[in-house]
Amino acid sequence: MSSKSYNVAVVGATGNVGREILNILEERNFPINEIFLLASSRSAGSTMNFAGRELVVRDLAEFDFSGVQIGLFSPGAKVSSQYAPKAAAAGCVVVDNTSFFRMDPEVPLVVPEVNPGAIAQYTQKGIIANPNCSTIQMVVALKPLHDAATIRRVVVSTYQAVSGAGKEAMDELFEQTRAIYATTLRVPPKKFPKEIAFNLIPQIDVFLENGYTKEEMKMVNETKKILDPAIRVTATTVRVPVFNAHSESITIETERPLSPAQARALLAVAPGVEVVDDPAQGLYMTPRDAAGKDATYVSRIRADESVENGLQLWVVSDNLRKGAALNAVQIAERLIADYL
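This report concerns the structure included in the present document. In this text the structure is predicted, and so the values were computed from the model without any measurement. (Residues numbered from 1 in each chain as written. Predicted model: local features only at pLDDT ≥ 70, side-chain atom pairs only at ≥ 80, totals over all residues. Heavy atoms only, no water.)

## Observations concerning the pattern of salt bridges
Put simply, the rule is: A pairing counts as a salt bridge when a side-chain nitrogen of Lys or Arg comes within 4 Å of a carboxyl oxygen of Asp or Glu. Only DSSP runs of H or I with at least four residues qualify as helices, and only runs of E with at least two residues qualify as strands; both kinds are numbered from the N terminus onward. Buried residues are those whose accessible area, probed at 1.4 Å on protein chains only, stays under 20% of the maximum for their type, while exposed residues exceed 50% and partly exposed ones sit between those limits.
A complete count under the given rule lists 17 salt bridges for this structure. Notably, a salt bridge pairs Arg264 with Asp277, separated by 2.9 Å at the nearest N-O pair. Here the residue Arg264 occupies a position in helix α6 (residues 260-268), and Asp277 occupies one in the loop between β12 (273-275) and α7 (287-290), the gap between them amounting to 13 residues. Classification of Arg264 by relative accessible area gives partly exposed; the value is 28%. Close ionic contact of Arg334 with Asp338 constitutes a salt bridge, the shortest N to O distance being 3.6 Å. Linking Arg334 with Asp338, this pair stays in helix α8 (residues 321-338), spanning 4 residues, or about one helical turn.

This is the structure we're talking about:
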């Protein structure tokens, strides 16, 4: 990493992802000269702790980005659409965690373990997009297998934690669960289309004309942009009553044969991946096991006996860390190491 230090702005600092970005910047000793915490006017004036200091949250609408080199944005797509271009025009390179810029052909969509070279395209608009959380963990696991045997088709079903929908969603799961156990009252859903406690909801985001949800099509389109436009992808995304860490059941078909043992060996040395796969000893990952950790975990690697050249994987990762905040910070680390 560069020996220089940088002025960094964290936009959406008071949200789940913003707080995790601050934790990770501190944990990884990111070379910060000065850090600015930005949020909406209703949060401005509040304080947050960073590296043992109490910092005042500033109003994004009034902030001047001209003295900032790196902006880590996670304020929501509408806010990013307005302020990320303004920050970029002021000379700040934006790493945006929202969905707004991901499919813009002039904005690189980056997972550092998968397509770090794409970061170089940031000069076109001054913005780098962070992919969807469920896409990130999937492509981290698929990259070494694609390099070895060329993946033709992916079928993925996700089991996504409520933290992916924000703090209010986490509160809703907690309150609904408590009400079921402690009272005769029910807490009606607000953040989700149906009650989430003790339930599964096969809908994340809105339904589209093709019958898929917007979240499902994000996985389809982002995987093609990041990994290979020729890959065929179909997804079913499901919200589950888990507070943190997403899980995915992934079936792949490859052009060339790839045994489970070969896949296990490739994944064992892949960057960002940890293999935990010994069912006879009860070794496989769950969301509780992955929460708070940085790796993308792969378990239950086995042949899909229903197709030729098929493999099945179980992939688990902390969606607030690798699925959002960590990936953004890793992009910033590669940015300053190679380009700034």
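More follows now that the structure is in view.
## Points about unusual backbone geometry
A positive phi is found at Asn29, a non-glycine position, where the angle reads about 55°. Relative to the assigned elements, Asn29 resides in the loop between α1 (16-27) and β2 (32-39). Of note, the phi angle at Ala245 is positive, near 90°, even though the residue is not glycine. Here Ala245 shows up in the loop between β10 (232-239) and β11 (246-254).

## Here's the deal with the sheet that holds strand β13 (residues 296-303)
Here is the rule: By this definition, two strands are paired if DSSP reports at least two bridges between them. Working convention: axes come from line fits to C-alpha atoms, limited for helices to the stretch in contact. Angles between N-to-C directions cover 0 to 180 degrees.
What the 6 strands build is an open sheet, ordered β10-β9-β11-β14-β13-β12; its pairing is mixed. Whereas interior strands pair on both sides, the edge strands pair on one side only; in this sheet they are β10 and β12. Taking the axes of each pair of neighbouring strands and ignoring which way they run, one obtains an average angle of 20° across the sheet. Of the pairings in the sheet, the one linking β11 to strand β14 (residues 310-317) comprises 8 bridges and is antiparallel in character. Bridging across to β14, Ile252 finds its partner in Leu311.

## Topic: the packing of helix α3 (residues 133-149) against α6
Counted only if it meets this: Orientation labels follow simple angle bins: below 35 degrees gives roughly parallel, above 145 gives roughly antiparallel, 65 to 115 gives roughly perpendicular, and whatever is left gives oblique. Here a crossing is called left-handed whenever its near helix is offset anticlockwise from the far helix by less than a right angle, and right-handed whenever the offset is clockwise. Contacts are residue-level and defined by heavy atoms, with any inter-residue pair within 4.5 Å sufficient. We call Asp, Glu, Lys and Arg charged. Ala, Val, Leu, Ile, Met, Phe, Trp, Tyr, Cys and Pro are nonpolar, and the rest, Gly among them, are polar.
With their axes 9 Å apart at the nearest point, α3 and α6 run at an angle of 120° to one another. Relative to α6, the element α3 is oriented oblique. Considering how the two elements wind past one another, α3 and α6 form a crossing that is right-handed. Mapping the contact onto sequence places Ala141, Pro144, Leu145 and Ala148 in α3 and Ala263, Leu266 and Leu267 in α6. Per-class residue counts for the contact of α3 with α6 are 7 nonpolar, no polar and no charged.

## Observations regarding the environment of Asp277
The following threshold applies: Polar contact is the term for a pair of N or O atoms within 3.5 Å; when the atoms are in protein, one must be able to donate a hydrogen and the other to accept it, and sequence-neighboring residues count only if both atoms are side-chain atoms.
Given a relative accessible area of 16%, Asp277 falls into the buried group. Through-space distance from the C-alpha of Asp277 to that of Arg264 is 8.5 Å; in sequence the pair is 13 residues apart. Contact partners of Asp277, with chain neighbours within four places excluded, come to Arg264, Leu283, Val298, Ser299, Arg300 and Ile301. A distance of 2.9 Å separates polar atoms of two side chains, one belonging to Asp277 and the other to Arg264. Reaching out from Asp277, the side chain makes a polar contact with the backbone nitrogen of Ile301 at a distance of 3.2 Å.

## Focus: the sheet that holds strand β5 (residues 58-59)
Working definition: the strands of a sheet are paired by backbone hydrogen bonds and lie parallel or antiparallel to each other. What the 6 strands build is an open sheet, ordered β5-β2-β1-β6-β7-β8; its pairing is parallel. Where the open sheet ends on each side, the last strands, each with one partner, are β5 and β8 (127-129). Here 3 bridges tie strand β7 (residues 93-96) to β8, and the two strands are oriented parallel to one another. Across the sheet, the residue bridging to Asp96 is Ala129, located in β8.

## Some details on the nonpolar core
We count it as follows: Residues enter a nonpolar core if they are buried and are Ala, Val, Leu, Ile, Met, Phe, Trp, Tyr or Cys, with the set joined through side-chain atoms within 4.5 Å.
Counting 53 residues, the largest nonpolar core has Phe65, Leu142 and Val154 as its most contacted members. Counting residues per element, this core draws most heavily on α3, at 8 residues. Excluding residues that lie within four positions of it along the chain, Leu142 makes contacts with Ile151, Val154, Leu227, Ile250, Ile252 and Leu313. Counting residues in hydrophobic clusters, the runner-up holds 36 residues, among them Ile35, Leu37, Ile70 and Leu320.

## A look at the side chain of Glu215
On the secondary structure map, Glu215 appears in helix α5 (residues 214-226). The contacts of Glu215, once residues within four sequence positions are left out, are Asn132, Ser134, Gln160, Ile204, Asp205 and Thr237.

No statement about biological role is implied by the geometric values presented.
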